[in-house]
Amino acid sequence: MPMPVIAVHHPLVRHKVGLLREADISTKKFRELTGELARLLAYEATADFPLETTTVQCWSGPAEVEQIAGRKVTVVPILRAGLGMLDGVLDMIPNAKVSVVGLARNHDTLQPEPYFEKFVGHLTERTALIIDPMLATGGSMIATVDMLKRQGCRDIRALVLVAAPEGIAALDAAHPDVRCWTAAIDSHLNEVGYIIPGLGDAGDKIFGTKDDNTK
Ligand SMILES: O=P(O)(O)OC[C@H]1O[C@H](OP(=O)(O)OP(=O)(O)O)[C@H](O)[C@@H]1O
Ligand SMILES: O=c1cc[nH]c(=O)[nH]1
Ligand SMILES: [Mg+2]
(Lines give C-alpha, C1' and ligand atoms only; values in the text may rest on other atoms or scores of the structure.)
(Ligands and ions follow the chains in the order given, each with its own letter.)
Protein backbone atom coordinates (compact mmCIF):
# COMPACT_ATOMS: atom_id res chain seq x y z
CA MET A 1 0.00 0.00 0.00
CA PRO A 2 1.55 3.40 -0.93
CA MET A 3 2.51 5.91 1.72
CA PRO A 4 -0.44 8.31 1.92
CA VAL A 5 1.64 11.45 2.48
CA ILE A 6 4.84 12.41 0.73
CA ALA A 7 6.60 15.47 2.13
CA VAL A 8 8.53 17.18 -0.67
CA HIS A 9 11.91 18.15 0.75
CA HIS A 10 13.35 20.01 -2.23
CA PRO A 11 15.22 23.16 -1.12
CA LEU A 12 13.12 25.39 -3.40
CA VAL A 13 9.96 24.04 -1.78
CA ARG A 14 11.26 24.53 1.75
CA HIS A 15 12.42 28.06 0.97
CA LYS A 16 9.11 29.06 -0.59
CA VAL A 17 7.04 27.61 2.28
CA GLY A 18 9.11 29.69 4.67
CA LEU A 19 8.32 32.86 2.71
CA LEU A 20 4.63 31.93 2.67
CA ARG A 21 4.51 31.86 6.49
CA GLU A 22 5.29 35.59 6.92
CA ALA A 23 2.31 37.03 8.83
CA ASP A 24 2.19 40.31 6.90
CA ILE A 25 2.62 38.79 3.44
CA SER A 26 0.76 40.63 0.66
CA THR A 27 -2.03 39.00 -1.33
CA LYS A 28 0.16 39.32 -4.44
CA LYS A 29 3.12 37.53 -2.86
CA PHE A 30 0.94 34.81 -1.30
CA ARG A 31 -0.63 34.12 -4.69
CA GLU A 32 2.73 34.04 -6.47
CA LEU A 33 4.30 31.62 -3.98
CA THR A 34 1.20 29.41 -3.98
CA GLY A 35 1.45 29.17 -7.77
CA GLU A 36 5.17 28.38 -7.68
CA LEU A 37 4.69 25.68 -5.05
CA ALA A 38 1.78 24.21 -7.02
CA ARG A 39 4.07 23.80 -10.04
CA LEU A 40 6.73 22.05 -7.97
CA LEU A 41 4.18 19.74 -6.30
CA ALA A 42 2.67 18.87 -9.69
CA TYR A 43 6.15 17.98 -10.94
CA GLU A 44 6.66 15.59 -8.01
CA ALA A 45 3.18 14.05 -8.10
CA THR A 46 3.49 13.12 -11.79
CA ALA A 47 6.95 11.55 -11.55
CA ASP A 48 5.59 8.02 -12.11
CA PHE A 49 3.53 8.81 -15.22
CA PRO A 50 4.48 6.18 -17.81
CA LEU A 51 6.19 7.16 -21.04
CA GLU A 52 6.05 5.71 -24.53
CA THR A 53 8.30 6.29 -27.49
CA THR A 54 7.33 7.92 -30.73
CA THR A 55 9.19 9.31 -33.72
CA VAL A 56 9.31 13.00 -34.66
CA GLN A 57 10.82 14.72 -37.65
CA CYS A 58 13.73 16.45 -35.98
CA TRP A 59 15.98 19.02 -37.75
CA SER A 60 18.51 16.23 -38.30
CA GLY A 61 15.99 13.66 -39.53
CA PRO A 62 13.68 11.21 -37.73
CA ALA A 63 14.35 11.04 -33.97
CA GLU A 64 12.87 8.75 -31.35
CA VAL A 65 11.42 10.78 -28.48
CA GLU A 66 9.38 10.05 -25.35
CA GLN A 67 5.86 11.22 -24.59
CA ILE A 68 3.46 10.62 -21.71
CA ALA A 69 1.49 7.49 -22.55
CA GLY A 70 -2.11 8.50 -23.08
CA ARG A 71 -2.67 9.64 -19.51
CA LYS A 72 -5.89 11.61 -18.98
CA VAL A 73 -5.78 14.00 -16.04
CA THR A 74 -8.38 16.02 -14.21
CA VAL A 75 -7.27 18.69 -11.77
CA VAL A 76 -9.76 19.16 -8.93
CA PRO A 77 -9.51 22.46 -7.06
CA ILE A 78 -11.48 22.59 -3.81
CA LEU A 79 -13.14 26.01 -3.70
CA ARG A 80 -12.13 28.54 -2.80
CA ALA A 81 -8.49 28.22 -1.80
CA GLY A 82 -7.69 25.41 -4.24
CA LEU A 83 -8.15 27.87 -7.11
CA GLY A 84 -4.92 29.54 -5.97
CA MET A 85 -3.01 26.42 -7.07
CA LEU A 86 -4.86 25.83 -10.34
CA ASP A 87 -2.83 27.96 -12.77
CA GLY A 88 0.44 26.55 -11.44
CA VAL A 89 -0.68 22.95 -11.96
CA LEU A 90 -2.07 23.76 -15.43
CA ASP A 91 1.27 25.35 -16.34
CA MET A 92 2.77 21.87 -15.91
CA ILE A 93 -0.16 19.85 -17.35
CA PRO A 94 -1.77 22.21 -19.87
CA ASN A 95 -4.10 19.62 -21.39
CA ALA A 96 -5.66 18.59 -18.06
CA LYS A 97 -9.42 18.96 -17.68
CA VAL A 98 -10.71 20.72 -14.57
CA SER A 99 -13.35 19.38 -12.19
CA VAL A 100 -14.51 21.72 -9.41
CA VAL A 101 -15.70 20.93 -5.90
CA GLY A 102 -17.12 23.61 -3.58
CA LEU A 103 -16.79 22.89 0.13
CA ALA A 104 -16.93 25.32 3.04
CA ARG A 105 -15.70 24.18 6.42
CA ASN A 106 -18.25 25.02 9.11
CA HIS A 107 -16.38 27.14 11.68
CA ASP A 108 -18.18 25.52 14.64
CA THR A 109 -18.35 21.85 13.68
CA LEU A 110 -15.26 21.86 11.36
CA GLN A 111 -17.30 19.67 9.02
CA PRO A 112 -17.08 20.41 5.27
CA GLU A 113 -20.38 21.62 3.82
CA PRO A 114 -20.71 20.89 0.07
CA TYR A 115 -22.12 23.68 -2.14
CA PHE A 116 -20.92 22.86 -5.66
CA GLU A 117 -19.64 20.02 -7.80
CA LYS A 118 -18.96 19.81 -11.51
CA PHE A 119 -16.95 16.85 -12.76
CA VAL A 120 -15.54 16.28 -16.23
CA GLY A 121 -16.40 13.06 -18.06
CA HIS A 122 -14.55 9.71 -18.22
CA LEU A 123 -13.45 9.84 -14.60
CA THR A 124 -12.96 6.09 -14.54
CA GLU A 125 -10.03 6.58 -16.95
CA ARG A 126 -8.54 9.68 -15.39
CA THR A 127 -5.92 10.48 -12.80
CA ALA A 128 -7.39 13.09 -10.44
CA LEU A 129 -5.09 15.67 -8.86
CA ILE A 130 -7.00 17.31 -6.01
CA ILE A 131 -5.55 20.69 -5.06
CA ASP A 132 -6.10 22.58 -1.81
CA PRO A 133 -3.46 24.52 0.14
CA MET A 134 -4.52 23.17 3.56
CA LEU A 135 -5.03 19.64 4.93
CA ALA A 136 -6.22 20.44 8.46
CA THR A 137 -8.69 17.92 9.96
CA GLY A 138 -8.73 16.26 6.54
CA GLY A 139 -12.52 16.50 6.32
CA SER A 140 -12.57 18.52 3.08
CA MET A 141 -10.05 16.25 1.34
CA ILE A 142 -11.84 13.07 2.45
CA ALA A 143 -15.20 14.45 1.24
CA THR A 144 -13.65 15.29 -2.15
CA VAL A 145 -12.12 11.82 -2.50
CA ASP A 146 -15.52 10.33 -1.57
CA MET A 147 -17.16 12.36 -4.38
CA LEU A 148 -14.52 11.32 -6.94
CA LYS A 149 -14.80 7.66 -5.99
CA ARG A 150 -18.59 7.85 -6.33
CA GLN A 151 -17.94 9.06 -9.90
CA GLY A 152 -15.78 5.98 -10.54
CA CYS A 153 -12.37 7.65 -10.28
CA ARG A 154 -9.66 5.24 -9.08
CA ASP A 155 -6.30 7.01 -9.40
CA ILE A 156 -6.65 9.89 -6.96
CA ARG A 157 -3.75 12.05 -5.75
CA ALA A 158 -3.76 15.16 -3.58
CA LEU A 159 -1.46 18.21 -3.59
CA VAL A 160 -1.41 20.46 -0.53
CA LEU A 161 0.93 23.16 0.73
CA VAL A 162 0.66 22.39 4.45
CA ALA A 163 -0.63 19.24 6.15
CA ALA A 164 -1.41 18.68 9.83
CA PRO A 165 -0.70 15.29 11.42
CA GLU A 166 -4.40 15.04 12.31
CA GLY A 167 -5.41 15.43 8.67
CA ILE A 168 -2.78 12.97 7.47
CA ALA A 169 -4.02 10.33 9.92
CA ALA A 170 -7.65 10.91 8.95
CA LEU A 171 -6.91 10.71 5.20
CA ASP A 172 -4.86 7.55 5.69
CA ALA A 173 -7.66 5.93 7.71
CA ALA A 174 -10.39 6.87 5.22
CA HIS A 175 -8.49 6.46 1.93
CA PRO A 176 -5.19 4.58 2.30
CA ASP A 177 -4.98 4.29 -1.50
CA VAL A 178 -4.76 8.08 -1.98
CA ARG A 179 -1.31 9.62 -1.97
CA CYS A 180 -0.88 13.22 -0.88
CA TRP A 181 2.13 15.39 -1.75
CA THR A 182 2.73 18.22 0.69
CA ALA A 183 5.24 21.05 0.86
CA ALA A 184 5.27 20.85 4.69
CA ILE A 185 4.01 18.73 7.56
CA ASP A 186 3.26 20.99 10.50
CA SER A 187 2.91 20.49 14.25
CA HIS A 188 -0.79 20.32 15.16
CA LEU A 189 -4.21 21.99 14.94
CA ASN A 190 -5.21 24.73 17.35
CA GLU A 191 -8.47 24.64 19.30
CA VAL A 192 -10.43 26.06 16.36
CA GLY A 193 -8.97 23.68 13.78
CA TYR A 194 -6.24 25.88 12.24
CA ILE A 195 -2.82 24.46 11.45
CA ILE A 196 0.07 25.52 13.72
CA PRO A 197 2.39 27.09 12.63
CA GLY A 198 0.47 26.92 9.32
CA LEU A 199 -0.36 29.79 7.02
CA GLY A 200 -3.49 31.21 8.65
CA ASP A 201 -6.60 31.17 6.50
CA ALA A 202 -5.31 30.36 3.02
CA GLY A 203 -8.60 31.18 1.29
CA ASP A 204 -8.70 34.63 2.84
CA LYS A 205 -5.05 35.24 1.91
CA ILE A 206 -5.56 34.21 -1.72
CA PHE A 207 -8.82 36.12 -2.18
CA GLY A 208 -7.99 39.14 -0.02
CA THR A 209 -10.98 38.62 2.30
CA LYS A 210 -10.58 39.08 6.03
CA ASP A 211 -12.67 36.93 8.40
CA ASP A 212 -10.30 36.15 11.20
CA ASN A 213 -11.51 32.80 12.53
CA THR A 214 -8.02 31.47 13.16
CA LYS A 215 -7.86 32.10 16.96
O1 LIG B 1 -8.95 19.76 6.46
P2 LIG B 1 -10.13 20.59 6.83
O3 LIG B 1 -10.34 20.66 8.32
O4 LIG B 1 -11.37 20.22 6.09
O5 LIG B 1 -9.76 22.10 6.47
C6 LIG B 1 -9.18 22.47 5.28
C7 LIG B 1 -10.12 23.21 4.41
O8 LIG B 1 -10.43 24.49 4.97
C9 LIG B 1 -10.10 25.52 4.04
O10 LIG B 1 -11.16 25.86 3.24
P11 LIG B 1 -12.43 26.69 3.78
O12 LIG B 1 -13.53 25.73 4.12
O13 LIG B 1 -12.01 27.66 4.81
O14 LIG B 1 -12.93 27.42 2.48
P15 LIG B 1 -12.30 28.59 1.59
O16 LIG B 1 -11.26 27.90 0.75
O17 LIG B 1 -13.45 29.08 0.83
O18 LIG B 1 -11.71 29.62 2.49
C19 LIG B 1 -9.00 24.89 3.21
O20 LIG B 1 -8.80 25.52 1.98
C21 LIG B 1 -9.47 23.47 3.08
O22 LIG B 1 -10.42 23.30 2.03
O1 LIG C 1 -5.01 26.29 8.99
C2 LIG C 1 -6.00 26.26 8.24
C3 LIG C 1 -7.03 25.31 8.39
C4 LIG C 1 -8.08 25.33 7.52
N5 LIG C 1 -8.14 26.27 6.56
C6 LIG C 1 -7.15 27.18 6.40
O7 LIG C 1 -7.23 28.02 5.49
N8 LIG C 1 -6.12 27.17 7.25
MG1 LIG D 1 -10.91 29.50 4.34
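Residues numbered from 1 in each chain as written. Chains lettered and ligands numbered in written order. Predicted model: local features only at pLDDT ≥ 70, side-chain atom pairs only at ≥ 80, totals over all residues. Heavy atoms only, no water.

1. So, the overall build of the protein chain
Looking only at helices and strands, one finds six helices and 13 strands in the protein chain. Radius of gyration (C-alpha) of the protein chain: 18 Å, near the 17 Å computed for a compact globule of 215 residues. Among the 215 residues that make up the protein chain, the fraction classed as buried is 46%. For the protein chain, long-range pairs separated by at least 24 residues make up 62% of all intrachain contacts whose partners lie at least 6 apart in sequence. In the structure as shown, the protein chain presents an accessible area of about 10900 Å², 54% of it carried by carbon and sulfur atoms. In the protein chain, 22 positive and 27 negative side-chain charges are present, and the distance between their average locations comes to 3 Å. (Helix = DSSP H or I, 4+ residues; strand = E, 2+ residues; numbered from the N terminus. Rg over C-alpha atoms; globule rule 2.2 N^0.38 Å. Buried < 20%, exposed > 50% of the residue type's maximum accessible area, 1.4 Å probe, protein only. Contact = heavy atoms within 4.5 Å. Areas by Shrake-Rupley, 256 points an atom, 1.4 Å probe, with all protein chains shown as cover. Lys, Arg positive; Asp, Glu negative; His and termini not counted. Charge placed at Lys NZ, Arg CZ, Asp CG, Glu CD.)

2. Some details on the UniProt feature "binding site: uracil" (unreviewed entry) in the protein chain
Here the UniProt feature "binding site: uracil" (unreviewed entry) sits at Ile-195, Gly-200, Asp-201 and Ala-202. Taken from the residues named earlier, the lining of the largest pocket is made up of Ile-195, Gly-200, Asp-201 and Ala-202. Tracing the backbone shows Ile-195 in strand β13 (residues 195–196). In contact with Ile-195, not counting residues within four places along its chain, are Met-134, Leu-135, Ala-136, Val-162, Ala-163, Ala-164, Asp-186, His-188 and Leu-189. Mapped onto the elements of the fold, Ala-202 is located in helix α6 (residues 202–207). In this view, Ala-202 contacts Phe-30, Ala-81, Pro-133 and Met-134; residues no more than four positions away in its chain are not counted. (UniProt positions renumbered as here; feature names shortened; annotations may be inferred. 1 Å grid on protein atoms, 1.4 Å probe; cavity = no way out; pocket = protein on both sides within 12 Å on 5 of 7 lines; lining within 4 Å.)

3. Remarks on the pattern of salt bridges
This model, assessed by the stated rule, comprises 11 salt bridges. We note a salt bridge from Arg-21 to Asp-186, for which the minimum N-O separation is 2.8 Å. With Arg-21 in the loop between α1 (11–20) and α2 (27–45) and Asp-186 in the loop between β11 (179–185) and β12 (188–189), the pair connects residues that are 165 residues apart, well separated along the chain. A relative accessible area of 8% places Asp-186 in the buried class. (Salt bridge = Lys/Arg side-chain N within 4 Å of Asp/Glu carboxyl O.)

4. Some details on the site of ligand 2
Taken together, the neighbourhood of ligand 2 is formed by Arg-105, Met-134, Ala-136, Gly-193, Tyr-194, Ile-195, Gly-200, Asp-201 and Ala-202. Interatomic distance of 2.8 Å between a backbone N/O atom of Ile-195 and an oxygen atom of ligand 2. Within the backbone of Ala-202, an N or O atom sits 2.9 Å from an oxygen atom of ligand 2. Coverage of ligand 2 by the protein chains reaches 89% of its 240 Å² of free accessible surface. The cavity that encloses ligand 2 is the largest pocket. Here the shell around ligand 2 is built from residues that sort into five nonpolar, two polar and two charged. (Near = heavy atom within 4 Å. Polar contact = N/O pair within 3.5 Å; in protein donor to acceptor, adjacent residues only side chain to side chain. Sits in = over half its atoms within 2 Å of the grid points. Nonpolar A, V, L, I, M, F, W, Y, C, P; charged D, E, K, R; others polar.)

5. Let's talk about the site of ligand 1
Around ligand 1, 16 residues are found, and the nearest of them are Arg-105, Asp-132, Thr-137, Gly-138 and Ser-140. One of the side-chain N or O atoms of Asp-132 is found 2.4 Å from an oxygen atom in ligand 1. Ser-140 is positioned such that a nitrogen or oxygen atom in its side chain is 2.6 Å from an oxygen atom of ligand 1. Coverage of ligand 1 by the protein amounts to 91% of the 500 Å² it exposes when considered alone. Among the cavities detected, the one that contains ligand 1 is the largest pocket. Sorting the residues of the shell around ligand 1 by element identifies β6 (100–105), β9 (134–135) and α4 (139–150) as the ones contributing at least two each. Across the shell around ligand 1, the residue classes break down as seven nonpolar, five polar and four charged.

6. Observations concerning the packing of α2 against helix α3 (residues 83–92)
Running from N to C, α2 and α3 cross one another at 45°; their axes reach a closest spacing of 7 Å. One way to sum up the angle between α2 and α3 is to call them oblique. Classified by chirality, the crossing of α3 by α2 is right-handed. Taken together, the residues of α3 that come into contact with α2 (itself represented by Thr-34, Gly-35, Ala-38, Arg-39, Leu-41 and Ala-42) are Gly-84, Met-85, Gly-88, Val-89, Asp-91 and Met-92. Per-class residue counts for the contact of α2 with α3 are six nonpolar, four polar and two charged. (Axes fitted to C-alpha atoms, helices over the stretch in contact; angles between N-to-C directions. Parallel < 35°, antiparallel > 145°, perpendicular 65-115°, else oblique. Left-handed = near helix turned anticlockwise from the far one by under 90°.)

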